[in-house]
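An overview of the molecular structure
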Amino acid sequence: MKHYVKNGINFISDLIWQTKISGERFLLKNYLKDCKFDFYCRSKQFSNVYGFGRYPKESSQREIFLKLKKPKSLALHIVDSLAEVDTTDSCIICFCFDSNAKDPVYGYVFVYQGAISPENGEFLGSLDELKERLEFLTGRYSIDVVFVPDDIPFFNNSAFEYKLGVKFGTLFSEDDNILASEYLFFRSKSTHGAIRKLDRTKEKKIGAIIAGVAVILFAIYQITDYFTDEPDLDTVPEAAKPVVIQSYPANIFINDCLRNFDKYLIDNGHWRTKEFKCTIDGVTVSYNAGYEGDNVDIRSLLGDNIVMKSDTEAELVEKISFPHYTAIPSSLSIENKSEMLKKSSHLLDMHTDINGSHFDISSGYSPLFLYQNNIINNLYLSELTMTLDHDSGFMNWKIVGEFDAK
C-alpha cells in the first residue's frame, strides 16, 4: 500500500480488494476476527466492493500513518467520482494524478465485472508505464471501454485505441481553465473512498485510521533493495536445452498457472470452486455442487475436460506446457533469501515453513501480489494452491518452492 497527497488530501492506493459473494451474508466483524484487518473502505457505487488494510507489526514509519487525517482510497475516489461507470462494466479509468510538466504522473483504476480487480486493480506511474499496463490488461481481459480524460496525451490517438482493441470514452472538463482529470476527480474534497476503522469500538481513540499495508510495503522495500529486476510476468524467456525441471522462476510459474484463473472460478449457485491447484504437472481444479438444489451440467461452463466424481463433485485437469529456461546463478545465497523471506513473512503475517532450500508459504495474499511487491520474485516455485473461503470471500493460498534452481 502507498501514500500520496493531492490537493491536501491523503490518498492511499494498493489496498487488498475483496468482493462480496452474491447471496452470502457479509459481516465486517468476521473480517476483523478471522482476517485481522484493521480498517476498510466501501464503494458507494459498488456496494459489493471492499478494500482492506492492516496495522503494521513494526515500522519506523508507523507514526506517519497514525497522523494521517481522513485518508481516502484513491481507487474508490476515482470510481465513485465518475458517473459514467456502470456497476456491470469491465472498464479502465485513466487519469492524470500530477500534471507537473517535468515529470507527470498518470494512473488507472481497473474495474472488472463490476468490481475493482484484486490483481492490477490500480496503478500510478509514467505515461509509458501506463500505456504498457493498458496493453497488458486489454490483451488479457475482455474490457468494454477505456475512459480517457483529454489531458492524457493519447486521448485522441485512434491508432493506439485500435491497437488496444477497445473503445475510448473520452472525458472533458466543463471548465476551460481546469484540466479534465482535475475537474472530474480532484477539484472538490468529496467523501468518496473514505477509509474507516474496522473495529467499530475503537473509533474514538487517537490515531483512528492508518494505512497499515503501506507501511508494511515500505519496510519490505527498505530491506529488499538488493533484489534485482525480474522480467514482466507476461514475458517468457527463450527456450534452452531440455533439463529436468523441479521448479520454475516465479514469473514463469505464476504467469502460466494463473493464465486462465478467472475461468476456473465459479460460484453461480449451482456449482462453486472448491480448490485450485497448479504444479509442474498442470492444473487441477475441484468443484462442489452449490446451494440451490438443482444440478446444472458443469460441462456447459467448462467443457468436456470436466470429470464427474459424483453428482455433487467434479474435477478439471489441464496440462501446462511450461517453457524450458536456463538457470542463472543468483548473487544471493540460500541463507540470505531464507532470512529475507522470514522477515517478509513476519511483516505480512504469513505462515512460512522453511526446510533447507525449500519453503512452504500459507498466505491470504495472492502469489501475483507477492511477486509484484518483491517478496517471491527471486524464488523458484513448484506449487500454487488456492482454497476459497465462501463465508468471507477470501482466497487462501499455499505457495511451495525452493530458493535456488536445480
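Time to look at the overall build of the protein chain. Of regular secondary structure, the protein chain possesses 12 helices and 22 strands. Expressed as a percentage of its 406 residues, the buried residues of the protein chain come to 50%. Partitioning the contacts of the protein chain with sequence separation of at least 6, the portion at a separation of at least 24 is 64%. As displayed, the protein chain has an accessible area near 19,900 Å², and 47% of this comes from carbon and sulfur atoms.

With respect to topology, four strands assemble into an open sheet ordered 3-5-4-13, the strand pairing being antiparallel. The strands lining the two open edges of the sheet, one partner per strand, are strand 3 (16-19) and strand 13 (195-197). Averaged over all adjacent pairs, the angle separating strand axes in this sheet is 35°, with direction ignored. Summarising the sheet, strand 4 (residues 39-42) and strand 13 pair through three bridges and their orientation is antiparallel. Its bridge partner being in strand 13, Phe39 is matched across the sheet by Lys197.

Glancing now at the state of the cysteines. By definition, a disulfide is the covalent link that joins the sulfur atoms of two cysteine residues. Applying the stated criterion to the full structure yields one disulfide. The disulfide partner of Cys257 is Cys278, and the gap between their sulfur atoms is 2.0 Å. Taking the torsion about the S-S bond as the criterion, the Cys257 to Cys278 disulfide, at about -70°, is left-handed. A residue pair is termed long-range when its members are at least 10 positions apart, and Cys257 in helix 8 (residues 250-257) and Cys278 in strand 15 (residues 271-279) qualify at 21 residues. The pair formed by Cys257 and Cys278 is uniform in burial state, with each residue classed as buried.

A word on the pairing of strand 15. Examined bridge by bridge, strand 15 and strand 16 (residues 282-289) share eight bridges and lie antiparallel to one another. Bridge pairing in strand 16 links Lys277 to Thr284. Between the end of strand 15 and the start of strand 16, which pair antiparallel, lie two residues. Note that strand 15 and strand 21 (residues 380-389) share five bridges and pair antiparallel. Looking at strand 21, one finds that Lys277 is bridged to Thr385.

On to unusual backbone geometry, then. With a phi angle near 65°, Asp14 is a residue other than glycine that sits in the positive phi range. By the secondary structure assignment, Asp14 is in the loop between strand 2 (9-13) and strand 3.

To continue, consider helix 4 (residues 127-140). With 14 residues, helix 4 extends 20 Å from end C-alpha to end C-alpha; this agrees with the ideal 20 Å at 1.5 Å per step. Inspection of helix 4 places Leu130, Leu134, Leu137 and Thr138 among the buried residues, and these make up the whole buried set. Across the axial projection of helix 4, the buried residues extend over an arc of 90°, all falling on one side. Residues of helix 4 that are exposed and point more than 90 degrees away from the buried face comprise Asp128, Glu132 and Gly139. Turning to helix 4, the residues buried within the fold contact strand 7 (91-98), strand 8 (105-112), strand 10 (122-125) and helix 5 (158-164).

Now for the pattern of salt bridges. Enumeration according to the criterion identifies eight salt bridges in this entry. The closest approach of N and O atoms between Arg259 and Asp256, which form a salt bridge, is 3.1 Å. Overall, the relative accessible area of 47% leaves Arg259 in the partly exposed class.

Phe52, Ile254, Phe276, Tyr287, Leu370, Ile376 and Leu381 are the most contacted members of the largest nonpolar core, which has 53 residues in total. Ranked by residue count, the leading element in this core is helix 8, at five residues. Those residues in contact with Ile254 that sit more than four places away from it in its chain are Pro367, Leu368, Tyr371, Ile376, Leu381 and Leu384.

What follows is about the confidence of the model for the protein chain. Overall, the prediction assigns the protein chain a mean pLDDT of 79, with 78% of residues at 70 or greater. Between residues 200-243, whose pLDDT stays under 50, and residues either more than four places distant or in other chains, the model counts 96 contacts.

Mapped onto the fold, Ser73 is located in strand 6 (residues 72-73). Engagement of the side chain of Ser73 in a polar contact is seen with the backbone nitrogen of Leu76, the distance being 3.3 Å.

Burial along strand 18 (residues 313-318) is one-sided: Ala314, Leu316 and Glu318 are buried, and none of Glu313, Glu315 and Val317, which face the opposite way, are. Relative to strand 18, strand 16 runs antiparallel, the two being bridged by six bridges. Looking across to strand 18, one finds that Val285 is bridged to Leu316. Inspection of the sheet shows strand 17 (residues 306-308) paired to strand 18 by three bridges, in the antiparallel sense. Within the sheet, the bridge partner assigned to Met308 lies in strand 18 and is Ala314.

In this section: the packing of aromatic side chains. Under the defined criterion, the tally for this structure stands at 23 aromatic pairs. Centroid distance Phe95 to Phe186: 6.3 Å. Interplanar angle 65°. Geometry classified as edge-to-face. Here the residue Phe95 occupies a position in strand 7, and Phe186 occupies one in helix 6 (residues 180-186), the gap between them amounting to 91 residues. Given a relative accessible area of 1%, Phe95 falls into the buried group. Taking NZ or CZ as reference, Lys6 lies 5.8 Å from the ring centre of Phe97, over its face. Over the aromatic face of Phe160 sits the side chain of Lys131, whose NZ or CZ is 5.0 Å from the ring centroid.

Cut-offs applied
Residues numbered from 1 in each chain as written. Predicted model: local features only at pLDDT ≥ 70, side-chain atom pairs only at ≥ 80, totals over all residues. Heavy atoms only, no water. Helix = DSSP H or I, 4+ residues; strand = E, 2+ residues; numbered from the N terminus. Buried < 20%, exposed > 50% of the residue type's maximum accessible area, 1.4 Å probe, protein only. Contact = heavy atoms within 4.5 Å. Areas by Shrake-Rupley, 256 points an atom, 1.4 Å probe, with all protein chains shown as cover. Pairing = 2+ DSSP bridges. Axes fitted to C-alpha atoms, helices over the stretch in contact; angles between N-to-C directions. Disulfide = S-S within 2.5 Å. Expected span 1.5 Å × (residues − 1). Arc of directions from axis to C-beta. Salt bridge = Lys/Arg side-chain N within 4 Å of Asp/Glu carboxyl O. Core = buried A, V, L, I, M, F, W, Y, C linked by side-chain atoms within 4.5 Å. pLDDT = per-residue confidence, 0-100. Polar contact = N/O pair within 3.5 Å; in protein donor to acceptor, adjacent residues only side chain to side chain. Phe/Tyr/Trp six-rings, centres within 6.5 Å; stacked < 30°, edge-to-face > 60°. Lys NZ or Arg CZ within 6 Å of the ring centre and 35° of its normal.

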